[in-house]
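In case you want the letters, here they are:
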Amino acid sequence: MIAGNWKMNLGPAAAAELARSLMEASPEAADRTILLFPPAVSLAAVRELVQGRDDIGLGVQNLFWEPDGAFTGEISAPMASEAGAGYALVGHSERRHRFGETIPETVRKVRAAREAGLRPVLCVGETLDERRAERAAEVVLAQLEPVVSEWIAAEAELDLLIAYEPVWAIGTGETASAADADAMHRTIRDEVRRLAGSGAAESIAILYGGSVKPNNAAEILREPHVDGVLVGGASLNADAFARILGAAA
Ligand code: PGA
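Analysis parameters
Residue numbers here run from 1 along each chain, matching the order of that chain's written sequence. Predicted model: local features are reported for residues with pLDDT of at least 70 only, side-chain atom pairs are reported and counted for 80 or more only, and whole-chain, interface and lining totals are derived from all residues. Each side-chain value is worked out from all heavy atoms of the structure, with water and hydrogens disregarded. Each pair of strands is called paired provided DSSP finds at least two bridges between the two strands. Helix and strand assignments come from DSSP, with helices taken as H or I runs of at least 4 residues and strands as E runs of at least 2, each series counted from the N terminus. Here the axes come from fitting lines to C-alpha atoms, over the contacting stretch only for helices, and the angles between their N-to-C directions go from 0 to 180 degrees. By definition, residues are in contact when any of their heavy atoms lie within 4.5 Å. Any helix carries an expected span of 1.5 Å times its number of residues minus one. Exposure categories follow from relative accessible area, calculated using a 1.4 Å probe and restricted to protein chains: below 20% of the type maximum is buried, above 50% is exposed, and the middle band is partly exposed. The directions considered for the arc run from the helix axis to the C-beta atoms. Note on handedness: a clockwise path from strand one over the helix to strand two, with the strands aimed away from the viewer, defines a right-handed crossover. One heavy atom within 4 Å of a molecule or strand makes the whole residue count as near it. For the purposes of these results, a polar contact is taken to be a pair of N or O atoms within 3.5 Å, where, inside protein, one atom must be able to donate a hydrogen and its partner to accept one; residues adjacent in sequence count only when each atom of the pair is a side-chain atom. Areas reported as accessible are Shrake-Rupley estimates using a 1.4 Å probe. Residue values count occlusion only from the protein chains shown. Cavity: a set of points on a 1 Å grid over the protein atoms alone where a 1.4 Å probe fits but cannot get out. Pocket: an open set with protein on both sides within 12 Å along at least five of seven lines, its lining residues, like those of a cavity, having an atom within 4 Å of a point. Throughout, a molecule is located in a cavity or pocket provided that more than half of its atoms lie within 2 Å of its grid points. Throughout, the ten residues Ala, Val, Leu, Ile, Met, Phe, Trp, Tyr, Cys and Pro are labelled nonpolar, Asp, Glu, Lys and Arg are labelled charged, and all others, Gly among them, are labelled polar.

Trainee: Just checking my understanding: could you explain the sheet that holds strand 2 (residues 34–37) for this structure?
Mentor: Think of a sheet as strands paired side by side through backbone hydrogen bonds, with each pair either parallel or antiparallel. Spatially, the eight strands close up into a barrel ordered 1-2-3-4-5-6-7-8, and their pairing is parallel. Strand-to-strand twist across the sheet, computed as the mean angle between neighbouring axes with direction ignored, equals 25 degrees. When strand 7 (residues 206–209) meets strand 8 (residues 228–231), the two strands line up parallel, connected through three bridges. For Gly-209, the partnering residue across the bridge sits in strand 8 and is Leu-230. The strands that helix 7 (residues 136–153) touches are strand 5 (119–124) and strand 6 (161–164); relative to strand 5, the one it contacts most, it runs at about 155 degrees.

Encoded structure:
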(Lines give C-alpha, C1' and ligand atoms only; values in the text may rest on other atoms or scores of the structure.)
Protein backbone atom coordinates (compact mmCIF):
# COMPACT_ATOMS: atom_id res chain seq x y z
CA MET A 1 0.00 0.00 0.00
CA ILE A 2 1.56 3.22 -1.17
CA ALA A 3 -0.10 6.43 -0.01
CA GLY A 4 0.49 9.99 -1.16
CA ASN A 5 -0.33 12.84 1.23
CA TRP A 6 -0.42 15.98 -0.87
CA LYS A 7 -0.91 18.19 2.20
CA MET A 8 -1.92 21.81 1.40
CA ASN A 9 -0.70 21.60 -2.17
CA LEU A 10 -2.53 21.53 -5.51
CA GLY A 11 -5.90 23.05 -6.21
CA PRO A 12 -8.37 21.16 -8.44
CA ALA A 13 -6.61 21.83 -11.78
CA ALA A 14 -3.09 21.01 -10.55
CA ALA A 15 -4.32 18.01 -8.58
CA ALA A 16 -6.06 16.58 -11.66
CA GLU A 17 -2.90 17.17 -13.66
CA LEU A 18 -0.76 15.28 -11.13
CA ALA A 19 -3.30 12.44 -10.93
CA ARG A 20 -3.26 12.15 -14.72
CA SER A 21 0.55 12.02 -14.86
CA LEU A 22 0.62 9.55 -12.02
CA MET A 23 -1.81 7.20 -13.73
CA GLU A 24 0.23 7.37 -16.91
CA ALA A 25 3.46 6.65 -15.05
CA SER A 26 1.92 3.84 -12.98
CA PRO A 27 -0.44 1.53 -14.86
CA GLU A 28 -2.87 -0.53 -12.83
CA ALA A 29 -1.29 -3.42 -10.93
CA ALA A 30 -3.15 -6.06 -8.98
CA ASP A 31 -0.71 -6.50 -6.14
CA ARG A 32 -0.72 -3.05 -4.58
CA THR A 33 -3.05 -0.26 -3.60
CA ILE A 34 -2.41 3.42 -4.17
CA LEU A 35 -4.04 5.87 -1.79
CA LEU A 36 -4.16 9.56 -2.65
CA PHE A 37 -4.94 12.30 -0.15
CA PRO A 38 -5.48 15.53 -2.10
CA PRO A 39 -6.77 18.70 -0.42
CA ALA A 40 -10.52 18.24 0.13
CA VAL A 41 -11.37 20.94 -2.44
CA SER A 42 -9.50 18.92 -5.09
CA LEU A 43 -11.06 15.57 -4.25
CA ALA A 44 -13.84 15.77 -6.84
CA ALA A 45 -11.43 16.62 -9.67
CA VAL A 46 -9.17 13.69 -8.79
CA ARG A 47 -12.11 11.36 -8.25
CA GLU A 48 -13.37 11.99 -11.75
CA LEU A 49 -10.00 11.07 -13.22
CA VAL A 50 -9.29 7.89 -11.27
CA GLN A 51 -12.71 6.34 -11.91
CA GLY A 52 -12.18 2.86 -13.25
CA ARG A 53 -8.80 2.44 -11.56
CA ASP A 54 -9.61 -0.19 -8.93
CA ASP A 55 -6.10 0.04 -7.50
CA ILE A 56 -6.51 3.71 -6.49
CA GLY A 57 -8.31 4.82 -3.32
CA LEU A 58 -8.95 8.40 -2.27
CA GLY A 59 -9.06 10.02 1.11
CA VAL A 60 -9.24 13.25 3.06
CA GLN A 61 -6.39 14.58 5.19
CA ASN A 62 -8.57 15.46 8.16
CA LEU A 63 -12.21 15.58 9.25
CA PHE A 64 -14.37 16.80 12.11
CA TRP A 65 -16.31 14.37 14.29
CA GLU A 66 -19.76 15.99 14.17
CA PRO A 67 -21.84 15.07 11.11
CA ASP A 68 -23.00 18.66 10.44
CA GLY A 69 -23.74 21.93 12.17
CA ALA A 70 -22.18 25.25 13.12
CA PHE A 71 -18.50 24.32 12.81
CA THR A 72 -17.18 26.88 10.36
CA GLY A 73 -14.36 25.60 8.20
CA GLU A 74 -14.73 21.94 9.12
CA ILE A 75 -15.63 18.92 6.96
CA SER A 76 -17.53 15.94 8.32
CA ALA A 77 -16.95 12.26 7.63
CA PRO A 78 -20.29 11.72 5.83
CA MET A 79 -19.51 14.71 3.59
CA ALA A 80 -16.05 13.38 2.81
CA SER A 81 -17.55 10.02 1.96
CA GLU A 82 -20.17 11.55 -0.33
CA ALA A 83 -17.42 13.54 -2.07
CA GLY A 84 -15.58 10.33 -2.95
CA ALA A 85 -13.28 9.63 -0.02
CA GLY A 86 -12.91 6.05 1.14
CA TYR A 87 -10.15 6.83 3.64
CA ALA A 88 -9.28 9.56 6.13
CA LEU A 89 -5.97 10.48 7.68
CA VAL A 90 -6.40 11.09 11.39
CA GLY A 91 -3.82 12.53 13.76
CA HIS A 92 -1.18 13.44 11.21
CA SER A 93 1.73 14.99 13.09
CA GLU A 94 1.06 18.36 11.47
CA ARG A 95 -2.47 18.21 12.89
CA ARG A 96 -1.18 17.23 16.32
CA HIS A 97 1.75 19.63 16.50
CA ARG A 98 0.69 22.63 14.42
CA PHE A 99 -3.04 22.61 15.15
CA GLY A 100 -2.99 21.21 18.67
CA GLU A 101 -5.01 18.07 17.93
CA THR A 102 -5.26 15.95 21.06
CA ILE A 103 -5.46 12.21 21.54
CA PRO A 104 -9.15 12.34 22.63
CA GLU A 105 -9.89 14.31 19.45
CA THR A 106 -8.24 11.64 17.31
CA VAL A 107 -10.42 9.04 19.04
CA ARG A 108 -13.55 11.01 18.11
CA LYS A 109 -12.36 11.51 14.55
CA VAL A 110 -11.61 7.82 14.07
CA ARG A 111 -15.04 6.95 15.46
CA ALA A 112 -16.72 9.42 13.08
CA ALA A 113 -14.78 8.00 10.13
CA ARG A 114 -15.75 4.45 11.04
CA GLU A 115 -19.41 5.35 11.44
CA ALA A 116 -19.40 7.01 8.02
CA GLY A 117 -17.78 3.97 6.40
CA LEU A 118 -14.39 5.62 5.87
CA ARG A 119 -11.24 3.65 6.67
CA PRO A 120 -9.17 5.77 9.01
CA VAL A 121 -5.41 5.93 8.67
CA LEU A 122 -4.26 6.73 12.19
CA CYS A 123 -0.90 8.51 12.16
CA VAL A 124 1.33 8.07 15.19
CA GLY A 125 4.87 9.11 15.91
CA GLU A 126 7.30 10.57 18.43
CA THR A 127 9.27 13.82 18.38
CA LEU A 128 13.06 13.90 18.39
CA ASP A 129 13.15 14.86 22.07
CA GLU A 130 10.89 11.94 22.91
CA ARG A 131 13.11 9.56 20.94
CA ARG A 132 16.24 10.89 22.62
CA ALA A 133 14.59 10.40 26.00
CA GLU A 134 13.89 6.79 24.97
CA ARG A 135 10.16 7.44 25.19
CA ALA A 136 9.34 6.72 21.52
CA ALA A 137 7.43 3.49 22.08
CA GLU A 138 5.58 4.90 25.09
CA VAL A 139 4.44 7.95 23.09
CA VAL A 140 3.39 5.94 20.05
CA LEU A 141 1.44 3.42 22.12
CA ALA A 142 -0.27 6.23 24.05
CA GLN A 143 -1.54 7.55 20.69
CA LEU A 144 -2.60 4.10 19.52
CA GLU A 145 -4.20 2.49 22.55
CA PRO A 146 -7.25 4.75 23.09
CA VAL A 147 -8.19 4.56 19.41
CA VAL A 148 -7.99 0.77 19.23
CA SER A 149 -9.74 0.38 22.60
CA GLU A 150 -12.63 2.62 21.54
CA TRP A 151 -12.96 0.62 18.33
CA ILE A 152 -13.06 -2.66 20.20
CA ALA A 153 -15.59 -1.25 22.68
CA ALA A 154 -17.83 -0.48 19.69
CA GLU A 155 -17.70 -4.20 18.85
CA ALA A 156 -16.79 -3.49 15.24
CA GLU A 157 -14.18 -5.43 13.31
CA LEU A 158 -10.90 -3.49 13.55
CA ASP A 159 -10.57 -1.94 10.12
CA LEU A 160 -8.08 0.84 10.32
CA LEU A 161 -4.63 1.46 8.97
CA ILE A 162 -1.79 2.77 11.03
CA ALA A 163 0.95 5.05 9.75
CA TYR A 164 4.08 5.29 11.88
CA GLU A 165 5.61 8.67 11.11
CA PRO A 166 8.39 9.83 13.43
CA VAL A 167 7.88 13.60 13.63
CA TRP A 168 11.60 14.28 13.21
CA ALA A 169 11.57 12.45 9.85
CA ILE A 170 8.68 14.33 8.24
CA GLY A 171 9.78 16.76 5.55
CA THR A 172 13.31 16.86 6.94
CA GLY A 173 15.15 14.44 4.69
CA GLU A 174 15.87 12.31 7.76
CA THR A 175 14.43 8.80 7.78
CA ALA A 176 14.33 6.27 10.55
CA SER A 177 16.66 3.42 9.68
CA ALA A 178 14.77 0.55 8.11
CA ALA A 179 15.55 -1.54 11.20
CA ASP A 180 14.27 1.17 13.61
CA ALA A 181 11.09 1.56 11.57
CA ASP A 182 10.56 -2.19 11.59
CA ALA A 183 11.15 -2.37 15.34
CA MET A 184 8.47 0.26 16.00
CA HIS A 185 6.08 -1.45 13.57
CA ARG A 186 6.59 -4.67 15.51
CA THR A 187 5.85 -2.85 18.78
CA ILE A 188 2.66 -1.44 17.23
CA ARG A 189 1.63 -4.87 15.94
CA ASP A 190 2.25 -6.44 19.36
CA GLU A 191 0.02 -3.80 20.95
CA VAL A 192 -2.74 -4.48 18.41
CA ARG A 193 -2.39 -8.19 19.25
CA ARG A 194 -2.68 -7.48 22.96
CA LEU A 195 -5.77 -5.31 22.47
CA ALA A 196 -7.55 -6.94 19.54
CA GLY A 197 -6.11 -10.43 19.11
CA SER A 198 -3.84 -12.18 16.63
CA GLY A 199 -6.18 -12.01 13.65
CA ALA A 200 -6.31 -8.22 13.84
CA ALA A 201 -2.55 -7.96 14.46
CA GLU A 202 -1.76 -10.04 11.40
CA SER A 203 -4.16 -8.32 9.04
CA ILE A 204 -3.63 -4.69 10.06
CA ALA A 205 -1.57 -2.64 7.62
CA ILE A 206 1.16 -0.52 9.18
CA LEU A 207 2.68 2.08 6.86
CA TYR A 208 5.91 3.99 7.42
CA GLY A 209 6.12 7.70 6.66
CA GLY A 210 8.79 10.37 6.91
CA SER A 211 11.01 11.44 3.99
CA VAL A 212 10.28 8.31 1.94
CA LYS A 213 11.94 8.82 -1.45
CA PRO A 214 12.65 6.65 -4.50
CA ASN A 215 16.14 5.90 -3.17
CA ASN A 216 15.09 4.59 0.24
CA ALA A 217 11.64 3.11 -0.39
CA ALA A 218 12.79 -0.38 -1.37
CA GLU A 219 14.90 -0.81 1.76
CA ILE A 220 12.05 0.30 4.03
CA LEU A 221 9.43 -1.77 2.21
CA ARG A 222 11.58 -4.88 2.50
CA GLU A 223 11.18 -4.95 6.30
CA PRO A 224 8.78 -7.66 7.46
CA HIS A 225 6.50 -5.41 9.54
CA VAL A 226 6.33 -2.59 6.99
CA ASP A 227 3.18 -3.03 4.89
CA GLY A 228 3.47 0.16 2.89
CA VAL A 229 4.56 3.77 2.96
CA LEU A 230 2.90 7.17 3.40
CA VAL A 231 4.71 9.64 1.20
CA GLY A 232 4.53 13.43 1.49
CA GLY A 233 6.95 15.52 -0.56
CA ALA A 234 7.87 12.83 -3.08
CA SER A 235 4.20 12.11 -3.85
CA LEU A 236 3.93 15.54 -5.52
CA ASN A 237 6.15 14.36 -8.35
CA ALA A 238 4.61 11.72 -10.63
CA ASP A 239 7.96 10.28 -11.61
CA ALA A 240 9.27 10.00 -8.03
CA PHE A 241 5.97 8.49 -6.86
CA ALA A 242 6.03 5.98 -9.73
CA ARG A 243 9.55 4.94 -8.72
CA ILE A 244 8.39 4.41 -5.14
CA LEU A 245 5.53 2.29 -6.50
CA GLY A 246 8.13 0.39 -8.50
CA ALA A 247 10.02 -0.31 -5.29
CA ALA A 248 6.88 -1.91 -3.87
CA ALA A 249 6.59 -4.37 -6.76
P1 PGA B 1 7.36 13.60 3.85
O2 PGA B 1 5.91 13.63 4.55
O3 PGA B 1 7.40 12.36 2.98
O4 PGA B 1 7.43 14.87 3.07
O5 PGA B 1 8.37 13.52 4.95
C6 PGA B 1 5.29 12.46 5.04
C7 PGA B 1 3.98 12.81 5.71
O8 PGA B 1 3.92 13.83 6.39
O9 PGA B 1 2.97 12.10 5.57
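Trainee: How do you make sense of helix 1 (residues 12–25) when you look at a structure like this?
Mentor: An α-helical segment advances 3.6 residues per turn. Residues three or four places apart therefore align on the same side. With 14 residues, helix 1 should cover 20 Å at 1.5 Å per step; its first-to-last C-alpha distance of 20 Å lies within 8% of that length. Residues of helix 1 that are buried: Ala-15, Ala-16, Leu-18, Ala-19, Leu-22 and Met-23. In a view along the axis of helix 1, the buried residues occupy a sector of 165 degrees, so they form one face of it. In helix 1, those exposed residues whose orientation departs by more than 90 degrees from the buried face are Ala-13 and Glu-24. For helix 1, the secondary structure elements touched by its buried residues are strand 2, helix 2 (43–50), strand 3 (56–60) and helix 11 (238–248).

Trainee: So what exactly am I meant to see when it comes to the pairing of strand 2 here?
Mentor: Side chains of strand 2 alternate between two faces, with Ile-34 and Leu-36 and Leu-35 and Phe-37 buried alike. In this region the chain leaves strand 1 (residues 2–5), passes through helix 1 and returns to the parallel neighbour strand 2; the handedness of that crossover is right-handed. Of the strand pairs in this sheet, strand 2 and strand 3 are connected by three bridges, and their pairing is parallel. Opposite Leu-36, over in strand 3, you have Leu-58 as the bridge partner. Note on the crossover from strand 2 through helix 2 to strand 3: the handedness is right-handed.

Trainee: Quick question: what am I supposed to make of the site of the ligand here?
Mentor: Around the ligand lies a shell of 13 residues, among which Lys-7, His-92, Glu-165, Gly-171 and Ser-211 are the nearest. Taking Asn-5, its side chain carries an N or O atom lying 3.5 Å from an oxygen atom of the ligand. Between an oxygen atom of the ligand and a main-chain N or O atom of Ser-211, the distance comes to 2.7 Å. The protein chains hide 97% of the 280 Å² of surface that the ligand would expose on its own. Taken atom by atom, the bulk of the ligand overlaps the second largest pocket. Residue composition of the shell around the ligand, by class: four nonpolar, seven polar and two charged.

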